[in-house]
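# A closer look at the structure
This is what each chain is made of:
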Amino acid sequence: MIVRNCENASPVASLPSDQSLRFRLGLGFLAVMLLGGRLPAADSPNTTPAGTPVALTPLILKLPSPAEKGTPKDIPLGSNVEPLSTNARPPMLVPAGLTNLAPGATVTCSDRNAGPDMLAKLADGEKEPADQNIVSLRKGLQWVQLDFGSPKDLFAVVIWHAYKADLIYHDVIVRVADDPDFMQNVRTLFNNDQANTAGLGAGADREYFESNEGKLINTKGARARCIRFYSKGSTDGALNEYTEIEVYGRAALSP
Amino acid sequence: MIRRFMLIVLLAAGVGLALRAVRLDERPMHNDEGVNALRFGALWQRGVYKYNPDEFHGPTLAYATWAMARVTKAPDFDHLTENRLRALTVLFGVGLILLLALTVDGLGRNATAWAALFTAVSPAMVFYSRYYIHEMLLVFFTFLAIAAGWRYWRSRRLEWALLAGAGLGLMCATKETFVLALAAGGLALGLNQVWNRLIDASGPPVKAARLNLWHLAAGLAVWLMVAAALFSSFFTQPGGLLNFFRSFPAWFHRAGGDSAHIHPWYFYLQRLLWFRAPRGPLWTEGLILVLALLGAAAGFKRSHLGRASASFVRFLALYTFLLTGFYSLIAYKTPWCLLSFWHGTILLAGVGAGVLGRRFRQRWPRMAVSVLLLAGVVELGWQAWQVAVPYAADRRNPYVYAQTSAEVLDLVERVEALAGAQGQNGRMIIQVVAPESDYGPLPWYLRRFKQVGWWDRVPESSFAPVMIVSSALHASLEEQQSYHMAGYFALRPQVLFQLYVREELWRDYLRRLPER
């Protein structure tokens with residue numbers, strides 16, 4: 001007999017008495033196979049290894065009953081959200097010889113509570129959605145910045161916010177500049193803040209579901225020394241969480 | 001004249017029925033409809049109903065469905081359809097139009113005809129008449145209590161007192177929010193009496209007979225008997241009565257803000273009067289509100305009311321304004337709650353339409369007003385059709401709320417095909433896993449499967465051939481070589497499930513697909 005170790009377990013499935021023995025055996029073995037039991041030898045289903053006949057009993061399978069839930073929360077889904085794709089992302093074509101510049105960059109952010117040790121997680125190569133890999137910045141519009149020290153040609157950016165659930169981060173904006181204070185030659189590479197709630201200008205890009213693939217953004221060789229990543233909470237909460245950031249590029253070639 | 005009036009009311013009932021009944025099964029079951037269906041299923045299959053004070057409202061929905069199922073010889077629960085369940089609320093929605101016959105001398109004949117038409121075509125009334133939830137029953141029983149109370153007020157006959165008592169008992173046994181209608185009704189009665197005595201003393205003297213306390217006591221007794229019988233599952237579950245009183249603390253917490261359904265005060269009015277989602281059409285029932293204000297003003301001013309009772313109109317106005325205020329001020333809001341006060345608004349709109357016609361003495365202007373109002377009715381009817389059918393599950397519809405996605409039907413179809421491939425059909429073992437048991441209305445859709453287990457976390461071992469797992473859990477069962485991830489299916493916006501199928505079963509399923 002296999003009994004589930006779950007609350008609210010109730011015997012919702014016992015075999016009817018008029019079932020044929022063959023069906024009982026079949027379902028019994030199927031369930032044992034499925035539910036982690038060991039298979040007897042294929043050529044002797046009714047005997048022990050010593051050859052002693054074994055009495056078979058119908059399997060009583062206990063499955064938890066459904067819980068009754070009240071009205072679920074009405075979560076709005078904006079018209080600018082990309083549908084979640086079940087297909088693998090097509091590859092992006094970039095020049096050969098690019099490297100991930102993030103591990104060598106100086107990381108800063110708008111949240112004073114986030115120290116250098118914490119921010120180092122953003123580019124440490126750990127992308128699993130475990131709590132110890134996630135950097136949480138306070139609520140509201142927050143940014144993290146990578147300073148490469150000298151101009152680079154940037155071709156692709158990948159951002160992993162927290163993706164433990166199917167959630168959408170709001171006001172995801174990626175900007176580049178030629179100085180750490182973001183005063184010179186500021187350009188926007190990605191902006192899905194269509195309502196301009198971040199105050200950095202309305203963007204035309206779409207919101208998206210977080211996933212283990214991360215968000216891949218084609219930055220088309222933009223030349224810059226610094227890159228900033230903005231966000232303003234998610235559908236899951238007000239915090240701004242990051243798991244990893246990768247920036248693919250190379251040292252700026254002479255114009 | 002009476003024949004024309006009757007024809008209009010019957011025409012309204014016919015239009016109301018057509019709008020409510022057409023393509024009733026297309027919208028996927030909402031979570032709440034699924035829960036109500038399962039509770040009815042327990043009553044239908046095993047004769048068991050137990051009032052749950054937590055969040056599932058009163059027993060009238062289940063018992064009314066049971067009665068209808070008996071009369072119409074419904075099949076067993078496995079073969080019950082959405083059509084059959086929703087037909088019940090459709091009947092109550094149409095019944096609301098026919099109940100107007102009880103208040104003709106309160107509203108006046110013209111106003112009653114207009115109110116019948118507005119009730120028939122109000123998009124909110126149409127949309128939620130097609131929803132297998134308690135709200136339309138609550139509105140029907142509330143109006144039954146008001147109408148029977150009005151008839152008793154006019155006639156002082158015992159049977160109307162008993163019917164009003166029954167209406168109150170049924171309200172009480174439908175939804176806990178009946179207390180709001182009760183409070184609004186009681187306050188409106190009191191305020192109306194004050195108005196009648198102090199402000200409207202210049203009007204014709206009211207010569208009502210004295211109230212018979214025995215009649216009131218009999219009405220009260222019927223109220224208590226009906227409520228007690230239903231909450232105790234016809235005296236088989238005495239604890240149900242106690243549970244009725246236990247339900248209120250939880251509701252007070254929710255009303256105070258302890259809920260996922262906290263919305264601003266204008267939540268209902270925005271949906272009713274001016275709602276436009278991005279890239280969506282504009283929805284408005286503003287005509288009804290404008291006419292209702294006109295009707296209420298006429299009631300207080302006692303002008304152009306024709307044969308309507310100013311006192312009854314004033315009562316309706318006070319009741320409606322108070323109820324609108326109550327519902328708007330309570331932080332907890334779900335859009336179907338608006339029906340209670342919107343029905344009062346519709347009745348007043350009928351009065352307003354009648355008043356508007358009587359403002360013009362000449363025939364042609366009166367006809368022009370009637371034509372314009374009829375055009376308004378047609379426009380509302382068009383909106384009602386749009387919310388009921390093309391936009392029934394579309395978020396651009398103001399009345400759609402936490403609606404189940406149509407992809408659930410694809411998921412169920414896939415599971416049924418897998419069961420066919422396995423040869424087990426209804427005996428196939430399925431595990432459904434979702435955090436906080438957020439899988440409704442899958443229990444309704446998988447009711448034909450007799451071996452379904454429902455988990456709130458992924459079991460450590462022991463997996464079934466078919467696993468339906470919330471994507472929020474990131475189960476990644478496909479990393480075990482024995483499972484194939486057969487797709488994402490949205491339950492609601494941002495609530496997705498993954499379908500995992502044992503490799504061998506998946507291969508069997510693929511083999512059975514027709515060759516291209």
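Just so it is clear, the structure is predicted and the values come from calculations on it, not from any experiment.

### A short note on the overall build of chain A
Each helix and strand in chain A was counted, giving two helices and ten strands. In sequence order, chain A lays out its α and β elements as β-α-β-β-β-α-β-β-β-β-β-β. Residue burial in chain A is summarised as follows: out of 255 residues, 40% are buried. Looking at chain A alone, contacts between residues at least 24 apart form 77% of all its contacts between residues at least 6 apart.

### A few points about the overall build of chain B
For chain B, the helix and strand inventory stands at 20 helices and five strands. By the compact-globule yardstick of 24 Å for 516 residues, chain B fits well, its C-alpha radius of gyration being 25 Å. Taking all 516 residues of chain B together, the buried fraction comes to 58%. Of all intrachain contacts in chain B linking residues separated by at least 6 positions in sequence, the fraction that spans at least 24 positions is 76%. Working note: accessible area of chain B is about 22,000 Å², and carbon and sulfur atoms make up 62% of it.

### Quick look at the pattern of salt bridges
Residues and elements named next belong to chain B. Under the criterion given, the structure shown has 17 salt bridges over all chains. Between Glu26 and Arg23 there is a salt bridge, with its nearest N and O atoms 2.7 Å apart. Overall, Arg23 belongs to the partly exposed group, its relative accessible area being 43%. Notably, a salt bridge pairs Arg27 with Glu33, separated by 2.8 Å at the nearest N-O pair. The exposure class assigned to Glu33 is buried, which follows from its relative accessible area of 0%. Linked by salt bridges that have partners in common, Arg27, Glu33 and Arg86 make up one network.

### Digging into the sheet that holds strand S1 (residues 429–433) of chain B
Residues and elements named next belong to chain B. Spatially, five strands are ordered S2-S1-S3-S5-S4 in an open sheet, and the strand pairing comes out mixed. At either margin of the open sheet sits one strand with a lone partner, and together these are strand S2 (451–455) and strand S4 (483–492). If you compare each strand with its neighbour and ignore which way they point, the axes differ by 20° on average. Note that S1 and S2 share five bridges and pair parallel. The residue bridging Ile430 from the neighbouring strand is Val452, located in S2. Where helix H18 (residues 407–422) meets the sheet, its contacts fall on S1, strand S3 (466–470), S4 and strand S5 (495–502), and the angle it forms with S4 comes to roughly 150°. In the packing of helix H20 (residues 503–512) onto the sheet, the strands contacted are S3, S4 and S5, and the crossing angle to S5 comes to about 90°.

### Structural notes on the packing of helix H15 (residues 310–329) of chain B against helix H16 (residues 338–358) of chain B
Residues and elements named next belong to chain B. The interhelical angle for the contact between H15 and H16, taken along N-to-C directions, is 145°, at an axis separation of 9 Å. Read as a crossing pair, H15 and H16 show a hand that is left-handed. Where H15 abuts H16, its residues Val313, Leu316, Ala317, Thr320, Leu323, Thr324 and Tyr327 lie against Ser340, Phe341, Gly344, Thr345, Leu347, Leu348 and Val351. Class assignment of the residues belonging to the contact of H15 with H16 gives a composition of nine nonpolar, five polar and no charged.

### Describing the confidence of the model for chain A
Within chain A, residue pLDDT values average 76, and 70% of them lie at 70 or more. Ignoring residues within four places in sequence, the model shows residues 1–50 of chain A, a span with pLDDT below 50, making 75 contacts including any to other chains.

### Comments concerning helix H9 (residues 158–172) of chain B
Residue and element names in this part refer to chain B. If you check H9, its first and last C-alpha atoms are 21 Å apart, about what 15 residues at 1.5 Å a residue would give, namely 21 Å. When H9 is considered as a whole, its buried residues turn out to be Ala161, Ala164, Gly165, Ala166, Gly167, Gly169, Leu170, Met171 and Cys172. Its buried side turned inward, H9 meets helix H3 (60–71), helix H8 (135–155), helix H10 (178–199), helix H11 (213–231) and helix H12 (239–255).

### Thoughts on the nonpolar core
In this structure, Phe118, Val415, Val432, Leu442, Ile468 and Leu499 of chain B are the most contacted members of the largest nonpolar core, which totals 157 residues. When residues of this core are assigned to domains, at least three fall in each of domain 1 (32–388) and domain 2 (407–512) of chain B. When near neighbours in sequence (up to four residues on either side) are disregarded, Val415 of chain B contacts Met428, Ile430, Leu446, Phe449, Val466, Ile468 and Leu499 of chain B. One finds Leu122, Leu146, Ala224 and Ile245 of chain A within the second-largest nonpolar core, a separate group that totals 33 residues.

### Quick word on the packing of aromatic side chains
Considering all chains together, one arrives at 35 aromatic pairs over all chains under this definition. Ring centres 5.5 Å apart and planes at 75° place the aromatic pair Phe92 of chain B and Phe141 of chain B in the edge-to-face group. On the criterion of sequence distance, the pair formed by Phe92 of chain B in helix H4 (residues 82–98) and Phe141 of chain B in helix H8 is long-range, its members being 49 residues apart. Per residue, the accessibility class of Phe92 of chain B equals that of Phe141 of chain B, and both read buried. Taken together, the aromatic side chains of Phe127, Tyr128, Tyr131, Phe267, Tyr268, Tyr327, Trp336, Phe341, Tyr399 and Tyr401 of chain B make up a single cluster linked through ring pairs. The aromatic ring of Tyr208 of chain A is capped on one face by Lys215 of chain A, whose charged end is 5.0 Å from the ring centroid. In this structure, Arg151 of chain B is placed above the aromatic ring of Trp160 of chain B, and the distance from its NZ or CZ to the ring centre is 6.0 Å.

### Thoughts on a nonpolar patch on the surface
Residues and elements named next belong to chain B. The grouping of Trp153, Leu211, Leu213 and Leu216 at the surface amounts to a nonpolar patch, some 390 Å² of accessible area in total. Along the chain, Leu211 falls in the loop between H10 and H11. By relative accessible area, which is 42% here, Leu211 ends up partly exposed.

### Side note on the domain arrangement of chain B
Residue and element names in this part refer to chain B. Looking at the assigned domains, one finds that chain B contains domain 1 (32–388) and domain 2 (407–512). On a C-alpha basis, the centroid separation for the pair domain 1 and domain 2 is 41 Å. Taken together, the contact between domain 1 and domain 2 spans nine residues of the former and seven residues of the latter. When domain 1 packs against domain 2, close to 680 Å² is buried across both sides, 61% of that on carbon and sulfur atoms. Remark: the boundary between domain 1 and domain 2 carries one salt bridge. Between domain 1 and domain 2 we count five residue pairs in polar contact (both at pLDDT 80 or more) in total. Looking at the side of domain 1 that touches domain 2, the elements with two or more residues in it are helix H2 (31–46) and H4. Looking at which element gives the most residues to the side of domain 1 that touches domain 2, the answer is H2, with three residues. Counted by class, the side of domain 1 that touches domain 2 contains five nonpolar, two polar and two charged residues.

### Brief notes about the pairing of S4 of chain B
The buried fraction of S4 of chain B amounts to seven of the ten residues, a majority that puts the element mostly inside the structure. Counting the residues in the hairpin turn of S4 of chain B and S5 of chain B gives two residues, including Gln494 of chain B, whose phi is positive at 70°.

### Some details on the environment of Arg187 of chain A
All names here are of chain A. Residue placement: Arg187 occurs in strand S8 (residues 187–191). Along the sequence, Arg187 and Ala222 sit 35 residues apart, while their C-alpha atoms lie 9.0 Å from each other. Apart from the residues within four sequence positions on either side, Arg187 is in contact with Val174, Arg175, Val176, Ala177, Asp178, Ala222, Arg223 and Ala224. Reaching out from Arg187, the side chain makes a polar contact with the side chain of Asp178 at a distance of 3.2 Å. Within polar-contact distance, the side chain of Arg187 engages the backbone oxygen of Asn185 at 3.0 Å.

The rules we used
- Residues numbered from 1 in each chain as written.
- Chains lettered and ligands numbered in written order.
- Predicted model: local features only at pLDDT ≥ 70, side-chain atom pairs only at ≥ 80, totals over all residues.
- Heavy atoms only, no water.
- Helix = DSSP H or I, 4+ residues; strand = E, 2+ residues; numbered from the N terminus.
- Buried < 20%, exposed > 50% of the residue type's maximum accessible area, 1.4 Å probe, protein only.
- Contact = heavy atoms within 4.5 Å.
- Rg over C-alpha atoms; globule rule 2.2 N^0.38 Å.
- Areas by Shrake-Rupley, 256 points an atom, 1.4 Å probe, with all protein chains shown as cover.
- Salt bridge = Lys/Arg side-chain N within 4 Å of Asp/Glu carboxyl O.
- Pairing = 2+ DSSP bridges.
- Axes fitted to C-alpha atoms, helices over the stretch in contact; angles between N-to-C directions.
- Left-handed = near helix turned anticlockwise from the far one by under 90°.
- Nonpolar A, V, L, I, M, F, W, Y, C, P; charged D, E, K, R; others polar.
- pLDDT = per-residue confidence, 0-100.
- Expected span 1.5 Å × (residues − 1).
- Core = buried A, V, L, I, M, F, W, Y, C linked by side-chain atoms within 4.5 Å.
- Domains from an automatic or database assignment.
- Phe/Tyr/Trp six-rings, centres within 6.5 Å; stacked < 30°, edge-to-face > 60°.
- Lys NZ or Arg CZ within 6 Å of the ring centre and 35° of its normal.
- Patch = residues over 30% accessible without salt bridge, like charges linked within 9 Å, V, L, I, M, F, W, Y side chains within 5 Å.
- Buried area = accessible area lost by both parts, 1.4 Å probe.
- Polar contact = N/O pair within 3.5 Å; in protein donor to acceptor, adjacent residues only side chain to side chain.

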